[in-house]
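Coordinate analysis (summary)
Listed below, chain by chain, are the residues.
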Amino acid sequence: MADERRTFAELDSTTQIFLECIYGAQKGMHGLAAKTIQYIRELNNREESLLGAKANVNTSGAVLQTLYKIKGKILPLKFNMAVNKMMAAEEAWRLNYCPLKNRTVAVVFTERRELPTIVFRNLEDVPEDELDGTLRKIMETEMRQGFDLKHDLLIRFVILHTGADEYAVIVTAVQAVLNGLNIHNLFRLAQGENIQPTASRDNGLVMTEKMAEPVMNYWSKVLSGLPPLPKVPYMRKGGEKTDSRQNSYVIRIPLDIQSDLRKQAKDNKMMLMSILHTAWSFLLQQENECQDLAYCLLVPRSQGEGAEPSLVPMRMQIEDGSTVQGIITKAFQQFVISKPYAALARRDIASLVGSWENNFDHFLNFVDFFHSGKTYVEVKGCLEGSVVLQNSMDVRNVRLALRFSADEGQVWLKFVYREKLFTDADIRMLANHYLLVLQQLLTDWNLSYAEFLPRLQNRWKQEIQQIPPEDSRKILQDYISRLSLLQECDRGLIQLFMRDAKLSTRFEGDRIAEKEIEENAVFLVKGKVARCLETGDGWYNALDIRRETSWINELALLPDRKCHLSAEVLTEQAVLLMVPLSALQRLTENSPQLAKNIIQHTVRQLESYQKLWMQS
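Summarised in this report is the structure supplied together with it. Position numbers for residues count from 1 along each chain, tracking the sequence in the order it is written. Predicted model: local features are reported for residues with pLDDT of at least 70 only, side-chain atom pairs are reported and counted for 80 or more only, and whole-chain, interface and lining totals are derived from all residues. As a rule here, side-chain values cover all heavy atoms of the structure and leave hydrogens and water aside.

Attention now moves to the overall build of the protein chain. Only DSSP runs of H or I covering at least 4 residues are called helices, and only runs of E covering at least 2 are called strands; the numbering of each starts at the N terminus. Across its full length, the protein chain carries 18 helices and 23 strands. Here the protein chain holds 616 residues, and 53% of them are scored as buried. Under the convention used here, a 1.4 Å probe and the Shrake-Rupley method define accessible areas, while residue burial counts only the protein chains that appear. Carbon and sulfur atoms provide 50% of the accessible area of the protein chain, an area that totals close to 28600 Å². Burial here depends on accessible area, computed with a 1.4 Å probe over protein chains only, as a share of the maximum for the residue type. Under 20% is buried, over 50% is exposed, and the range in between is partly exposed.

Structural data, given as structure tokens:
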């Protein structure tokens, strides 16, 4: 029962030991715990529908993101105090989800000593016509971060000062906890207003009722006689039944391909979607050597704003004599016919075909692609926050999700994947393969499928299959050797650097968190980033732009620094090289040349800022 609560003392000894291994020794037993368990309980119906009853906490479950517009006054200190008060009052702020005896339980703590991640940024200088694009990039960045259900606080905030007494607040949270939170009351409390009791809360997407009979009848015909589950290329064997953490990889569809896409789609978004997902079906057909397969699209539900997105199964059957254009047109017509019946959730598919996992292991997400609501500027803000936009992502029991989005006339594609099934190199290969199929599809638009497939196969062999595997050690050594900080240092020092350094790929809009900057020396080896500085008032303001081979966080060497630094990626991709500060200090002690280079670098920075000061 979800209402049944058991304190730590009421648990059996095996369960106590298991929980102490995760959350530390509990008060009254082996000392004082950093996280003191108040009680554990079973999942309620809503949590179970969004997380699954089976123990699976390596994925974030369903994540919901909401953009609010506030008209009022938000100060960082007061907002943090309001969060503190809400954490004390509502259990949803203080819980985690933990696997226990092949099921998931909610673990509620007496208190949480840390606050959720809260980022304050000043966007007052961003023009109104660029504001929506900027906000959507920040939202996409936040959605990529994911949550650790066992340890993390399950909600994050980004607060953006967009104008006089006007703020954009991005709330990203595990959807299972949102029904227990009142975000509007948090906004009231942060601005000195009294909280108000509410009969119902609109923090979550509307959960739809069971399928109506006409919908059931339609989909039972579409899903009858499904072909075997198609294999996704580059996916590793052995991890299919194993839960693992998710990672993401983002690409922008190249401009030359986008030009051809617009030409063939004729500014029709449904036709553009049909081209994009048909290219994916061709990739699967090439890999599986078949002409009949099924996969799922995720699209907005016809009920409107706030409704749970719908899965739309697509059955792609190639008939003799079909042309590429004809197949895409048929896919377009299939979706148009299916759209009035777009009211499927996973539980509905399972009721029709027996199991979601055995018939569909990935989907193509077009929810954000079809977003066409009011812009941020058009929405009228209020003190308790007006909803501007909602995004959702649910990749439970999914090996791979492709998320398409359109921003300022450009199409972006995000791969969300399980780390045990795909390496970073595998996903890059898969992304390149998809782009190759898409480009070949557009080139051979009027050819028959029988002519298209061998041409695709030949091009794939030439451009993808022959690519040698990457040597990560050589790549790391090349990046390290370019750093100006290591010029004139001997090769032995570079080898020592390699022992402690690691590379991290980030995407446009990604934030380099303060914690990473505090604990590592961070160097930019590819791309550009904008640095922001917080000087004591809580708001991060733009400082400068750093380019390749730059050292991003020289201030991390100061033990008593007064300013805090963050950075944001400006280019499509950026590669960071990170070295733990302790390792850098050890290397500096052993290398006089490195110490000299650091001093010279710092003096050059001082000279640069003195010059800017005189010119201002």
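Salt bridges are defined as contacts in which a side-chain nitrogen from Lys or Arg sits within 4 Å of a carboxyl oxygen from Asp or Glu. Under the defined criterion, the tally for this structure stands at 30 salt bridges. Note that Arg586 is salt-bridged to Asp500, the shortest N-O span being 3.0 Å. Of this pair, Arg586 sits in helix H17 (residues 581–590) while Asp500 sits in helix H15 (residues 491–500); the two residues are 86 residues apart in sequence, bridging distant segments of the chain. By relative accessible area, Asp500 is classed as partly exposed at 24%. Sharing partners across several salt bridges, the network here consists of Arg5, Arg41, Glu47 and Glu91.

So, on to helix H4 (residues 128–145). Side chains three or four residues apart in an α-helix point the same way, a direct result of the helix having 3.6 residues per turn. Here H4 contains 18 residues, and its C-alpha end-to-end distance of 27 Å stays within 8% of the 26 Å for a straight helix at 1.5 Å per residue. When H4 is considered as a whole, its buried residues turn out to be Leu131, Gly133, Leu135, Arg136, Ile138, Met139, Glu140, Thr141, Glu142, Met143 and Arg144. Gly146 occupies a position one or two residues after H4 and carries a positive phi of about 75°. The span you would expect from a helix comes to 1.5 Å times its residue count less one.

Our next topic: unusual backbone geometry. Although it is not a glycine, Asp267 sits at a positive phi angle of roughly 60°. Inspection of the secondary structure assignment puts Asp267 in the loop between helix H8 (255–265) and helix H9 (269–288). Positive phi, close to 70°, is recorded for Thr549, a residue that is not glycine.

Further remarks concern the packing of H17 against helix H18 (residues 592–615). H18 packs onto H17 with a crossing angle of 115° between their chain directions and a minimal axis gap of 5 Å. Considering their axes alone, H17 and H18 lie roughly perpendicular with respect to each other. Contacts from Leu584, Leu587, Thr588 and Asn590 in H17 reach Pro592, Leu594, Ala595 and Ile598 in H18. Taken together, the residues of the contact of H17 with H18 break down into six nonpolar, two polar and no charged. Whenever a helix is involved, its axis is fitted only over the stretch in contact; in every case the axis is a line through C-alpha atoms, and angles between N-to-C directions fall within 0 to 180 degrees. An angle counts as roughly parallel when it lies under 35 degrees, as roughly antiparallel when it exceeds 145, as roughly perpendicular when it falls between 65 and 115, and as oblique in every other case. Here a residue-residue contact requires only that any non-hydrogen atoms of the pair lie within 4.5 Å. Throughout this entry, Asp, Glu, Lys and Arg are counted as charged residues, while Ala, Val, Leu, Ile, Met, Phe, Trp, Tyr, Cys and Pro are counted as nonpolar. The remaining residues, Gly among them, count as polar.

Running from N to C, helix H3 (residues 76–89) and helix H6 (residues 183–190) point in directions that differ by 135°, and their axes come no closer than 8 Å. Between H3 and H6, the angle falls in the class oblique. In the packing of H3 onto H6, the handedness of the crossing is right-handed. Taking contact as the criterion, the partners of Lys78, Phe79, Ala82, Val83, Lys85 and Met86 in H3 are, on H6, Asn185, Leu186, Phe187, Leu189 and Ala190. Looking at the contact of H3 with H6 residue by residue, the class counts come to eight nonpolar, one polar and two charged. Crossings are assigned a handedness: left-handed for a near helix turned anticlockwise from the far helix by less than a right angle, right-handed for a clockwise turn.

Criterion used throughout: strands pair if DSSP finds at least two bridges between them. Ordered by their spatial adjacency, four strands build an open sheet running S1-S2-S5-S4, and the pairing between neighbours is antiparallel. Strands with a single pairing partner mark the edges of an open sheet, and in this sheet they are strand S1 (5–6) and strand S4 (95–100). Relative to strand S5 (residues 103–109), strand S2 (residues 37–42) runs antiparallel, the two being bridged by five bridges. Bridge pairing links Ile37 to Phe109 in S5. On the sheet, helix H1 (residues 13–23) packs against S2, S4 and S5 and is oriented at approximately 130° with respect to S4.

Here we take up helix H14 (residues 472–482). What H14 keeps buried is the set Leu476, Tyr479 and Ile480. Buried positions in H14, seen along its axis, are confined to an arc of 100° and lie on one side of it. Note that the arc is computed from the directions linking the helix axis to the C-beta atoms.

This part is about the packing of aromatic side chains. Given two aromatic rings, one states the distance between the centres and the angle between the planes to describe the pair. By convention, a stacked pair of Phe, Tyr or Trp rings (six-membered ring in the case of Trp) has centres within 6.5 Å and planes under 30 degrees apart, an edge-to-face pair has planes over 60 apart, and any other such pair is tilted. Tallied over the entire structure, the rule returns 20 aromatic pairs. With centroids separated by 4.3 Å and ring planes inclined at 5°, the aromatic side chains of Tyr218 and Tyr341 adopt a geometry described as stacked. Here Tyr218, found in helix H7 (residues 213–222), pairs with Tyr341, found in the loop between helix H10 (324–338) and helix H11 (346–353); they are 123 residues apart in sequence, far enough to count as distant. On the basis of relative accessibility, which here comes to 18%, the residue Tyr218 falls in the buried class. Seen in terms of ring centroids, Tyr249 and Phe507 are 5.6 Å apart; in terms of plane orientation they differ by 80°. Their pairing is edge-to-face. In this pair, Tyr249 sits in strand S9 (residues 246–252) while Phe507 sits in strand S16 (residues 502–507), placing the two residues 258 residues apart along the sequence. The class of Phe507 is buried, set by a relative accessible area of 5%. Members of the aromatic cluster, connected to one another through ring pairs, are Phe79, Trp93, Phe120, Phe157, Tyr167 and Trp539. For a ring to carry a charge above it, either NZ of a lysine or CZ of an arginine must fall within 6 Å of the ring centroid while also lying within 35 degrees of the normal to the ring plane. Lying over the aromatic face of Phe147, Arg156 brings its terminal NZ or CZ to 4.2 Å of the ring centre.

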